[in-house]
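# A look at the structure
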Amino acid sequence: MIMNYYSQITTQTWANGRHLVRCVKVIQETQDASTFCFMAEQPVLFFFKPGQFVTLELEIEGEQVMRSYTISSSPSVPYSFSITVKRMPHGKVSNWLHDNIKIGDELAVHGPVGNFNIMDHSADKVLFLSGGVGITPLMSMTRWLFDTNADVDVEFIHSARAPRDVIYHRELVHIFSRIPEFKLHVICENKNDIGEGWAGYRGYLTQPMLELMAPDYLEREIFCCGPAPYMEAVKRILRDKGFDMSRYHEESFGATPLDVKEDALELAGQAEADAEQLDYSEMLSVEFEGSGKSVRIQPGETVHAAASKLGLHIPKACGMGICGTCQVKLTSGEVEMDHNGGITDEDIAEGYILSCCSKPKEDIVVDF
Ligand SMILES: Cc1cc2nc3c(=O)[nH]c(=O)nc-3n(C[C@H](O)[C@H](O)[C@H](O)COP(=O)(O)OP(=O)(O)OC[C@H]3O[C@@H](n4cnc5c(N)ncnc54)[C@H](O)[C@@H]3O)c2cc1C
Ligand code: FES
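Residues numbered from 1 in each chain as written. Chains lettered and ligands numbered in written order. Predicted model: local features only at pLDDT ≥ 70, side-chain atom pairs only at ≥ 80, totals over all residues. Heavy atoms only, no water.

### Examining the packing of helix H3 (residues 135-147) against helix H4 (residues 169-178)
To keep it simple, the criterion reads: The angle between two axes is taken between their N-to-C directions and runs from 0 to 180 degrees, where each axis is a line fitted to C-alpha atoms and a helix contributes only its stretch in contact. Secondary structure follows DSSP: runs of H or I at least 4 residues long count as helices, runs of E at least 2 residues long count as strands, and numbering of each begins at the N terminus. Two helices that cross are described as forming a left-handed crossing if the nearer one is turned anticlockwise from the farther one by less than a right angle, and a right-handed crossing if clockwise. Contacts: residue pairs with any heavy atoms within 4.5 Å of one another. The residue classification treats Ala, Val, Leu, Ile, Met, Phe, Trp, Tyr, Cys and Pro as nonpolar and Asp, Glu, Lys and Arg as charged. All others, Gly included, are polar.
Contact geometry for H3 and H4: axes closest at 11 Å, N-to-C directions at 35°. Note on packing geometry: the crossing formed by H3 with H4 is left-handed. Two secondary-structure elements touch here, H3 through Ile-135, Met-139, Thr-142, Arg-143 and Phe-146 and H4 through Glu-171, Leu-172, Ile-175, Phe-176 and Arg-178. Each residue belonging to the contact of H3 with H4 can be placed in one class, and the counts come to 6 nonpolar, 1 polar and 3 charged.

### Topic: the environment of Arg-67
Structurally, Arg-67 is set in strand E4 (residues 63-70). For the pair Arg-67 and Lys-92, spaced 25 residues apart in the sequence, the C-alpha separation amounts to 10.0 Å. Ignoring anything within four residues of it in the chain, the contact list for Arg-67 reads Val-54, Thr-55, Leu-56, Lys-92, Val-93 and Ala-317.

### Observations concerning the site of ligand 1
Short version of the rule: One heavy atom suffices: a residue is near a molecule or strand as soon as one of its heavy atoms comes within 4 Å of it. Polar contact is the term for a pair of N or O atoms within 3.5 Å; when the atoms are in protein, one must be able to donate a hydrogen and the other to accept it, and sequence-neighboring residues count only if both atoms are side-chain atoms. Residue burial considers only the protein chains on display, and all accessible areas are found by Shrake-Rupley using a 1.4 Å probe.
Ligand 1 sits among 23 residues. The nearest are Ser-68, Tyr-69, Pro-89, Val-93 and Ser-94. A distance of 2.6 Å separates an oxygen atom of ligand 1 from a polar backbone atom of Ser-68. When ligand 1 is considered free in solution it has 970 Å² of accessible area, and contact with the protein chains removes 78% of it. Put simply, the parts of the chain that give the shell around ligand 1 at least two residues each are E4, strand E5 (81-86), helix H2 (92-100) and helix H7 (257-276).

### Re unusual backbone geometry
We apply this condition: Buried, partly exposed and exposed residues are distinguished by accessible area as a fraction of the type maximum, computed with a 1.4 Å probe on protein chains only: under 20%, between the cut-offs, and over 50%, respectively.
At the junction of Gly-111 and Pro-112, the peptide bond is cis and its omega measures out at 5° in the coordinates. Take Pro-112: it is sitting in strand E6 (residues 106-113). The backbone of Asn-149 sits at a positive phi, close to 50°, despite the residue not being glycine. With respect to the helices, strands and loops of the structure, Asn-149 is situated in the loop between H3 and strand E8 (153-160). The exposed category is assigned to Asn-149, whose relative accessible area is 67%. Even without a glycine there, the phi angle at Tyr-168 is positive, about 65°.

### Things to note about the state of the cysteines
To be explicit about the condition: Criterion for a disulfide: a pair of cysteine sulfur atoms at a distance within 2.5 Å.
In the structure shown here, the tally under the stated rule is 0 disulfides. This cysteine, Cys-357, is not joined by any disulfide, and Cys-356 carries the nearest cysteine sulfur, 4.0 Å off.

### Examining the confidence of the model for the protein
The criterion, for reference: What pLDDT expresses is the predictor's confidence in each residue, scored from 0 to 100.
When pLDDT is averaged across the protein, the result is 89; 89% of the residues are at 70 or more. Below a pLDDT of 50 lies the segment residues 256-275, which in the model reaches 7 contacts outside its immediate sequence neighbourhood of four places, other chains included.

### Digging into the packing of aromatic side chains
Short version of the rule: Aromatic rings from Phe, Tyr and Trp, with only the six-membered ring used for Trp, were paired whenever their centres fell within 6.5 Å, and each pair was classed as stacked if the ring planes differed by under 30 degrees, edge-to-face if by over 60, and tilted otherwise.
One pass over the full model with this rule turns up 10 aromatic pairs. Judged by centre distance (6.0 Å) and plane angle (70°), the ring pair of Phe-116 and Phe-223 falls under edge-to-face. On the criterion of sequence distance, the pair formed by Phe-116 in the loop between E6 and strand E7 (125-131) and Phe-223 in strand E11 (residues 221-225) is long-range, its members being 107 residues apart. Here Phe-116 matches Phe-223 in class, with each residue buried. Ring plane angle 45° and centroid distance 5.4 Å describe the contact between Phe-176 and Phe-182, whose orientation is recorded as tilted. Overall, the relative accessible area of 9% leaves Phe-176 in the buried class. We classify Phe-182 as buried; its relative accessible area is 3%.

### Regarding the side chain of His-158
Note that His-158 resides in strand E8. By relative accessible area, which is 0% here, His-158 ends up buried. There is a polar contact of 2.7 Å between the side chain of His-158 and the side chain of Ser-130. Residue contacts for His-158: discarding those within four places in its chain leaves Ser-130, Gly-131, Gly-132, Ile-135, Val-166, His-185, Val-186 and Ile-187.

### Some remarks on the pattern of salt bridges
The line we're drawing: For this analysis, a salt bridge means a side-chain nitrogen from Lys or Arg found within 4 Å of a carboxyl oxygen belonging to Asp or Glu.
Under the defined criterion, the tally for this structure stands at 21 salt bridges. The closest approach of N and O atoms between Arg-143 and Glu-171, which form a salt bridge, is 2.6 Å. One end of the pair, Arg-143, is in helix H3; the other, Glu-171, is in helix H4, with 28 residues separating them in the sequence. Of the residues examined, Glu-171 reaches a relative accessible area of 32% and is grouped as partly exposed. Of the charged contacts in the structure, one is a salt bridge between Lys-309 and Glu-301, with a shortest N-O distance of 2.7 Å.

### Considering H3
Counted only if it meets this: Helix span is expected to be 1.5 Å times the residue number reduced by one.
Look at H3: 18 Å from first C-alpha to last across 13 residues, which is about the 18 Å you get at 1.5 Å a residue. Counting buried positions over the 13 residues of H3 gives 11, a clear majority of the element. Positive phi shows up at Asn-149, right after H3, with a value of about 50°.

### Thoughts on the sheet that holds E5
Selection rule: Following DSSP output, two strands are said to pair if at least two bridges run between them.
If you trace the 6 strands from one edge of the open sheet to the other, you get E4-E3-E6-E1-E2-E5, paired in antiparallel fashion. At either margin of the open sheet sits one strand with a lone partner, and together these are E4 and E5. Pairs of neighbouring strands in the sheet enclose a mean axial angle of 40°, with direction left out of account.

### As for the environment of Glu-57
As for its placement among the helices and strands, Glu-57 is situated in strand E3 (residues 53-60). Counting along the chain gives 51 residues from Glu-57 to Ala-108, while the straight-line C-alpha distance between them is 5.3 Å. The contacts of Glu-57, once residues within four sequence positions are left out, are Arg-18, Gln-64, Val-65, Met-66, Ala-108 and His-110. In this structure the side chain of Glu-57 is engaged in a polar contact, spanning 2.9 Å, whose partner is the side chain of Arg-18. In this structure the side chain of Glu-57 is engaged in a polar contact, spanning 2.7 Å, whose partner is the side chain of His-110.

Listed below in structure tokens is the structure:
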């Protein structure tokens, strides 16, 4: 008997791991953001916690690259999932996806993972704060709460450069027009170059603005995602008002270009200063037994940085202990691992570490 697609669908559900998926739709959201929708070759129900992300494994110009993207769809529509990608100026992967991925293309994704999700921090009243493409996890949460008729009071404040840059704008307006407990506020940052009629808030989010839009914000569970300076500003506002920060949750998409530049300058300056006062007796040995290479590094350098010095390419995506991409096995020695949920306790117990956020405490040997 030939099983049809829908009878098979109930037999498989998505779990954290590596999966092959096929692009089934591409939607241009704004001038520089597009949504890519995926389905599995073998039917799968894509269950995940709204807010979680996947890591794409791609081959670009003969080189394997990994990047993490939040699942912007909701598990309430589980037969496919989507990501929404914004072009980063000169960004390698975001531009490659826009310019190359088309319907029918197959690629590998790892996940879903992530602690920044609405299921692990559920509440009756929530405040979603997003800036730019940081809207993606909050959109997934919104879609989920709407589709499941959840009894949750949602205030959603989104900041964009201009009205034309508001990702999902029409869908947001539609959803938020249907439920009185859902309230949407959009702020356009560019005070002058708005580009079209805009009667709403302008400028950057400030405490008085927040107070006007969501007067009870201190009583809410807060979820925030956006550029680093935006999230810093939000945290400053909340701390100044004595908000209980255990009820604040944020997702970082990584360093903004400026951060990268500042980090690079800082590192260069640091390297010069370090070179002057290098104490070779303090250096630690990192041996990669799979490739038979080893290097001596200074205390404070990561295992991933040690591998890079040797030209060894441990896959890396988030660089901050979230996605699990850079996991390797430690066969001897001890590290200090400052991760953000990208590894399970079971894996740690088996000796695995995340190389991007693990610093050797002594000489170590890694299985790579
Ligand atoms: C958990 C998580 C979820 C995410 N979700 C999303 C999402 O939903 N949507 C989304 O669009 N993105 C998301 N991201 C970000 C995404 O993973 C990529 O970081 C982003 O697409 C940029 O990748 P890229 O390869 O295009 O840019 P890269 O090539 O990595 O470069 C990033 C930026 O830094 C600049 N840069 C690179 N190196 C230097 C340097 N040495 N000096 C100065 N500048 C430099 C580049 O010009 C570019 O502007 C997420 C990230 C994480 C960790
Ligand atoms: S690269 Fe994501 S956890 Fe290390």
